[in-house]
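# Survey of secondary and tertiary structure
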Amino acid sequence: SSIPRTPPRTATTKITAERIEKATKERPYPLFLAEKAASILPSFESDTYYPTNTQKERIIVLGTGWGAASFLKSIDCNKYDVTVISPRNYFVFTPMLAGASVGTVEFRSITEPVREINSKVRYLEAAATEVDPKTNTLSCVSIVCEGNSCETEEFQIDYDRLVFSVGAQTTTFGTPGVEEYCNYLKQVGDAQQIKNAIVNCFESAGLPGLTEEDKIKELSFVIIGAGPTGIEFAAELLDFIEENGARFYKELLPYVRIKIVEAAPSILRPFEDGMKEEAIRKLTRRIEIEGVPSLQPLEILTNKLVSEVSGNYVYFKDGEKIPYGMSLWAAGIGQLPITTNLIGALGETEQKDAQDYARGRIAVDPWLRVIGGDGKIFALGDCSCVSSSPMLPATAQVAAQQGEFLGDFLSKDYCIDEMDDKLLPPLRRNPGQSK
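Owing to the predicted nature of the structure, the values given are computational and were not obtained by experimental measurement.

### Points about the sheet that holds strand β12 (residues 220–224)
- The four strands are arranged β16-β13-β12-β20 in an open sheet whose pairing can be described as parallel. Of all strands in the sheet, those with a lone pairing partner are β16 (298–301) and β20 (326–329), marking the two edges. Sheet twist, expressed as the average angle between the axes of neighbouring strands with direction ignored, equals 15 degrees.
- With four bridges connecting them, β12 and β20 associate as parallel partners.

Here's what the structure looks like:
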């Protein structure tokens, strides 16, 4: 059922041609970055009248990842009524997921409840399924349980501003067997599953009656994808073998094999060559453990395209195959269905043309306003793409900085809506003016 709400009154705006020309004047990109970093936006003498509005605007935030968490920390809830919608009621410090998957850190130490991030926001445990930019309505579905019986419940909610920060999902590129046999590393549940799988591999290899070949197969860990996630996990697994493995599974260490598989010619493609070389040196180092022959368990395989994954082997397009006891798929990310839905809902707007560059992400302007969204929708993090700058990497640092910027930006007095069918640079209001 729809949650009825009377939207705030719209400001009556009058902007002179001179102001518009001044606001849209091109500036060198480095100058723009410097202004943005200093939180300085163009300030103009206002000839705009904004009627008094006593009702706070409603902001709906989709997601509880890096972008959303940073936004919640910086938004002024005295000015906005903020509601968070996500299937997950906590934030995850994702760089530590790899460490949690091998027991280096506890799962509870890398999570933070949404209500502790900002106690003034309302949280709804649900998943957004559809966005209607024409009516400013969001369709959601939640799971309601009574005892052991659970059922889904659909509802709609209105918004005045939508902060779209849903992130991305692991993509398999249609490779057969990945979904059935590979582990992912995106959520706390994934890390728990990997932790159990690693222990099971070592315990299975210790059973009597196994040949050396069987033990090597059980203790072969194949990591598909040599981006940040794959490399972080490989490093944590190597540390686990060197430290904890020496304590609990010393007799099995000679059989351990870690293979990093990458389709590109090198690992960590977005990073500098010096960092790549240092990562390779650290990962392929020899390990010296008392009472165990010298070990060099990790091998990096580049230019290897995976064609299929079965229950026991990873197959490559060159005809080779390697056995494994546990496999991790970290070969890339793709967009969630709700992201594709929003792009489609924007229809024949400038968003359609911007997709030539955004390629499945939501195109936004330098102020994170969704192109074609009339200034009512903002997008940040892995699901978005700033159309006027080089493609930013899908990392926690980018999302966190965007979330902090947007929270501070909305907490200040700027006019950010579409004017004369155009998204102009935000205009500063004079003191005392309201939306």
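### Side note on the sheet that holds strand β17 (residues 306–309)
- One open sheet holds the three strands; their spatial order is β17-β18-β19, and the pairing between them is antiparallel. Looking at which strands have only one partner, the edges of the open sheet turn out to be β17 and β19 (321–323). Here the strands of the sheet are splayed against their neighbours by 20 degrees on average, with no regard to which way each runs.

### Things to note about the side chain of serine 101
- Assignment of secondary structure puts serine 101 in helix α4 (residues 97–101).
- If sequence neighbours within four positions are ignored, serine 101 has contacts with Leu185, Ala191, Ile194, Lys195, Ile198 and Phe233.

### Looking at empty space enclosed by the protein
- Enumeration according to the criterion identifies four cavities of 30 Å³ or more in this entry.
- Estimates place the volume of the second largest cavity at around 60 Å³.
- Lining the second largest cavity are Arg361, Gly381, Ser384, Cys385, Val386, Pro390, Met391, Leu392, Pro393, Val398 and Gln402.
- The leading source of residues in the lining of the second largest cavity is strand β24 (residues 384–386), at three residues.

### What about the state of the cysteines?
- Overall, the coordinates contain one disulfide when judged by the stated rule.
- Cysteine 145 shares a disulfide with cysteine 150; S-S distance 2.0 Å. Looking along the S-S bond of the cysteine 145-cysteine 150 disulfide, the torsion reads about 110 degrees, which is the right-handed sense.
- Since its relative accessible area comes to 43%, cysteine 145 is described here as partly exposed.
- Here cysteine 150 falls in the partly exposed class, since its relative accessible area comes to 46%.

### Regarding unusual backbone geometry
- The backbone of leucine 268 shows a phi angle near 45 degrees, a positive value even though the residue is not glycine.
- Within the secondary structure layout, leucine 268 lies in the loop between β13 (257–261) and α10 (273–283).
- Phi angles above zero are rare outside glycine, and asparagine 303 is one such case at about 55 degrees.
- Among the secondary structure elements, asparagine 303 is positioned in the loop between β16 and β17.

Cut-off values and rules
Residues numbered from 1 in each chain as written. Predicted model: local features only at pLDDT ≥ 70, side-chain atom pairs only at ≥ 80, totals over all residues. Heavy atoms only, no water. Pairing = 2+ DSSP bridges. Helix = DSSP H or I, 4+ residues; strand = E, 2+ residues; numbered from the N terminus. Axes fitted to C-alpha atoms, helices over the stretch in contact; angles between N-to-C directions. Contact = heavy atoms within 4.5 Å. 1 Å grid on protein atoms, 1.4 Å probe; cavity = no way out; pocket = protein on both sides within 12 Å on 5 of 7 lines; lining within 4 Å. Points joined across faces, edges and corners; volume = space filled by probe spheres on them. Disulfide = S-S within 2.5 Å. Buried < 20%, exposed > 50% of the residue type's maximum accessible area, 1.4 Å probe, protein only.

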